[in-house]
Amino acid sequence: MFTHYFTTAKNAIKTYFKIEERNTTILTELRAGTVTFFTMGYILAVNAAILGDSGGTCDGSSPDYDSCQQDLKIDLIYATAISAGVSTLLMGLTANLPLALAPGMGLNAYFTYDVVGFRGSGKVSYENALFATFIEGFIFLALSMTGIRFKLMNLIPRHVKYAMTAGIGLFLAHLGMQSAEGIGLITQDGATLVTLGGCGHNNLVCDQYTGLNCFCEAGTYMQGLTTWIGIAGFALMSLLLAFKVRGSIFITILLITLTSWLRKTDFTYFPETVLGETRYEYFKNIVDFHVMDKTPFVLFNGINLASNEIWVALVTFLYVDMLDTAGTLFSMAEYAGMTDADGNFEGQTAAFCSDAVGTIVGSLLGTSSVTTYIESAAGIEEGGRTGLTAVFVALFFFLSLIFAPVFASIPPWATGPALIIIGSLMMKSVLKIDWNNTRHAIPAFVTIIVMPLTYSIAYGIIGGLAMSLLFFLADNTLAACIWCLPNKNDVVNPVQLEVEYPQDKVELTIVDPEIL
């Protein structure tokens, strides 16, 4: 009897998620979901730390501020896990795509440091900033359900879309080489902005108030064992991928994580420092049950829409999140080989709606905008091709509500190698760009280079679109001028150029300069 029900359920899952149609297996989807979660699991602690810097609902002048902050950050870990779990589950069940969502990095920093300000020093309160995020979610939901959001994405030229995939790959590799989400190979430098680091995560010198602006002291470069462990992990992962070992990314992440949990070593995640002891005390709990009381539904407290700053924040949330999500969705679908010749992919409307619902849920619980994560590429590389991958990721996020101490203790040098590897694999999309066509090459290059250097997918897309628009306007203006020439029919040796744009092709006749 049990075997019958098991077989029936298994067949139902295969049919619903189109497992065989997409040439995958349930076990592969589980492995892909596990890798995706491990790769992006850092968001639980990092998002809470960044949003916690806003002060949240804690009174900075109160003597209980530190105690309030501790409860606030646990609330934010839960808010992150729930919003990520709900949106990712929707992505899997409705869009059938192997993509995971969570509160976006970059947007959370803008929310904290530019809108609310460090410890509430900005012009918009934490509650009002959440309300702006709440409104943004409903606007996105309306745009997604009417198809407008997808039509806006289709306006992006094809060469810029391919460049987005490569740009996101470089962005991922950039993250994987830093200390917050990676192996710590590069650090900040006052003169060159970035430089060789490698002194180890436990030896970085950071701002004592924000924990940011970290650098290596002179004479400590490349002496940190955590960086070397990350480099060794990168080498191992590369070899396993080259020999097509199944689960190579997962195996490497798990091996480094377990090794880094050992204490009394120079590469432990729990060094004998204040931070290390705090991490270890939290990790020892294994299971944690927490009642949220600092962040849920506070967005409705003291709503003030009279401030210009809240509307500026709303507009910024809108365009950055829209471009971030559009770029990531297309790039991940393209990387998985799921796009057609026009850049469309199955489940795109539902995918956009999942992102919008996640943002609404996140704002209600106290966190910033939710977006699709580029770390989903790790699961795709592991073989994930259906929404079942996303469902497994969502289950891990829900499990993290109970086992948060364990999942929040995955060291960045364990997941950093995966980000670098995936970044290298995503670069193959540049082969689809016509580099001999200046009108394609320059916008594509701007898109690719701006993403990692500005730490923003949206800014890269804006740069590429701006250059495409410049060429479009120049070509059409020149065509109009030629049409107005009195001797246009006597043009000698015209040069025919064909320029491809999203919906049309513009043919130009360039006049021989000697005629003019």
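Everything here concerns the structure above.
Note that the structure is a prediction, hence the values are computed from the model and not measured.

J.: An account of the overall build of the protein is needed here, citing residue identities and associated values.
T.: Along the protein, the regular secondary structure elements total 19 helices and 6 strands. Since a compact globule built from 516 residues should have a radius of gyration of about 24 Å, the 24 Å found for the protein is in line with a globular shape. Along the first, second and third principal axes, the C-alpha atoms of the protein reach 85 × 60 × 50 Å. In the protein, the share of contacts with a sequence separation of at least 24, taken over all contacts with a separation of at least 6, comes to 76%. Accessible area of the protein: about 22800 Å², with a carbon and sulfur share of 64%. On the protein, the mean spot of the 25 positive side-chain charges and the mean spot of the 42 negative ones are 8 Å from each other.

J.: An account of helix H15 (residues 387-399) is requested, with residue identities and associated values reported.
T.: The end-to-end C-alpha separation of H15 is 18 Å, in line with the 18 Å expected for 13 residues at 1.5 Å each. Extensive coverage of H15 is indicated by the burial of 10 of its 13 residues. Turning to H15, its buried residues number three or more, namely Gly387, Leu388, Thr389, Ala390, Val391, Phe392, Val393, Ala394, Phe396 and Phe397.

J.: Talk me through the packing of helix H9 (residues 225-242) against helix H17 (residues 412-426); I want residue IDs and the actual numbers.
T.: At a minimum axis separation of 8 Å, H9 and H17 run at an interaxial angle of 45 degrees. Overall, the two elements H9 and H17 adopt an arrangement that is oblique. Crossing hand, H9 versus H17: right-handed. Every residue of H17 that contacts H9 at Thr226, Ile229, Gly230, Gly233, Phe234, Met237, Ser238 and Leu241 is listed here: Trp413, Pro417, Ala418, Ile420 and Ile421.

J.: Would you mind going over the pairing of strand S2 (residues 186-189) in detail, with residue names and values included?
T.: Sheet analysis places S2 next to strand S3 (residues 193-196), joined by 4 bridges and oriented antiparallel. Bridge pairing in S3 places threonine 187 opposite threonine 195. Where S2 folds back on S3, the antiparallel hairpin that results is connected by 3 residues.

J.: How would you summarise the pattern of salt bridges if you had to cite specific residues and measurements?
T.: One pass over the structure, following the stated rule, counts 9 salt bridges. For glutamate 277, the salt bridge is made with arginine 263, and the minimal N-O distance between the two is 3.0 Å. Residue glutamate 277 is found in helix H11 (residues 274-283), and its partner arginine 263 is found in the loop between helix H10 (248-260) and H11; the two are separated by 14 residues along the sequence. Overall, glutamate 277 belongs to the partly exposed group, its relative accessible area being 32%. Arginine 263 sits in the partly exposed class, given a relative accessible area of 24%. Taking the shortest distance from any N to any O, the salt bridge between lysine 432 and glutamate 334 comes out at 2.4 Å. Of this pair, lysine 432 sits in the loop between H17 and helix H18 (438-454) while glutamate 334 sits in helix H12 (residues 308-335), and the two are 98 residues apart along the sequence. One continuous salt-bridge network, built from bridges that share partners, spans Lys18, Arg22 and Glu346.

J.: Provide a residue-level description of the packing of aromatic side chains, including the pertinent values.
T.: Centre distance and the angle of the planes are the two values used to describe a pair of aromatic rings. One pass over the structure, following the stated rule, counts 17 aromatic pairs. A ring pair is formed by phenylalanine 38 and phenylalanine 250, whose centres lie 5.7 Å apart and whose planes are at 55 degrees; its orientation type is tilted. One end of the pair, phenylalanine 38, is in helix H2 (residues 26-40); the other, phenylalanine 250, is in helix H10, and 212 residues separate them in sequence. A residue is classified by how much of its surface remains accessible, and phenylalanine 38, at 12% relative accessible area, is buried. Linked through ring pairs, Trp261, Tyr269, Phe270, Tyr280, Phe283 and Trp413 together constitute an aromatic cluster. The cationic tip of lysine 161 hangs over the ring face of phenylalanine 330; the distance from NZ or CZ to the ring centre is 5.3 Å. The ring of tyrosine 280 is capped by arginine 263, whose NZ or CZ atom sits 4.1 Å from the centre of that ring.

J.: Kindly report on the packing of H10 against H17, identifying the contributing residues and their values.
T.: For any two helices packed against each other, one specifies the inter-axial angle together with the distance between the axes. At a minimum axis separation of 8 Å, H10 and H17 run at an interaxial angle of 155 degrees. For the element pair H10 / H17, the angle class is roughly antiparallel. In this structure, H10 meets H17 at a crossing whose hand is right-handed. Residues Ile249, Ile253, Ile256, Thr257 and Ser260 of H10 touch H17, and the partners they reach there are Trp413, Ala414, Thr415, Ala418 and Ile422. Looking at the contact of H10 with H17 residue by residue, the classes come out as 7 nonpolar, 3 polar and no charged.

Calculation criteria
- Residues numbered from 1 in each chain as written.
- Predicted model: local features only at pLDDT ≥ 70, side-chain atom pairs only at ≥ 80, totals over all residues.
- Heavy atoms only, no water.
- Helix = DSSP H or I, 4+ residues; strand = E, 2+ residues; numbered from the N terminus.
- Rg over C-alpha atoms; globule rule 2.2 N^0.38 Å.
- Contact = heavy atoms within 4.5 Å.
- Areas by Shrake-Rupley, 256 points an atom, 1.4 Å probe, with all protein chains shown as cover.
- Lys, Arg positive; Asp, Glu negative; His and termini not counted.
- Charge placed at Lys NZ, Arg CZ, Asp CG, Glu CD.
- Expected span 1.5 Å × (residues − 1).
- Buried < 20%, exposed > 50% of the residue type's maximum accessible area, 1.4 Å probe, protein only.
- Axes fitted to C-alpha atoms, helices over the stretch in contact; angles between N-to-C directions.
- Parallel < 35°, antiparallel > 145°, perpendicular 65-115°, else oblique.
- Left-handed = near helix turned anticlockwise from the far one by under 90°.
- Pairing = 2+ DSSP bridges.
- Salt bridge = Lys/Arg side-chain N within 4 Å of Asp/Glu carboxyl O.
- Phe/Tyr/Trp six-rings, centres within 6.5 Å; stacked < 30°, edge-to-face > 60°.
- Lys NZ or Arg CZ within 6 Å of the ring centre and 35° of its normal.
- Nonpolar A, V, L, I, M, F, W, Y, C, P; charged D, E, K, R; others polar.

On their own, these measurements won't tell you what the molecule is for.
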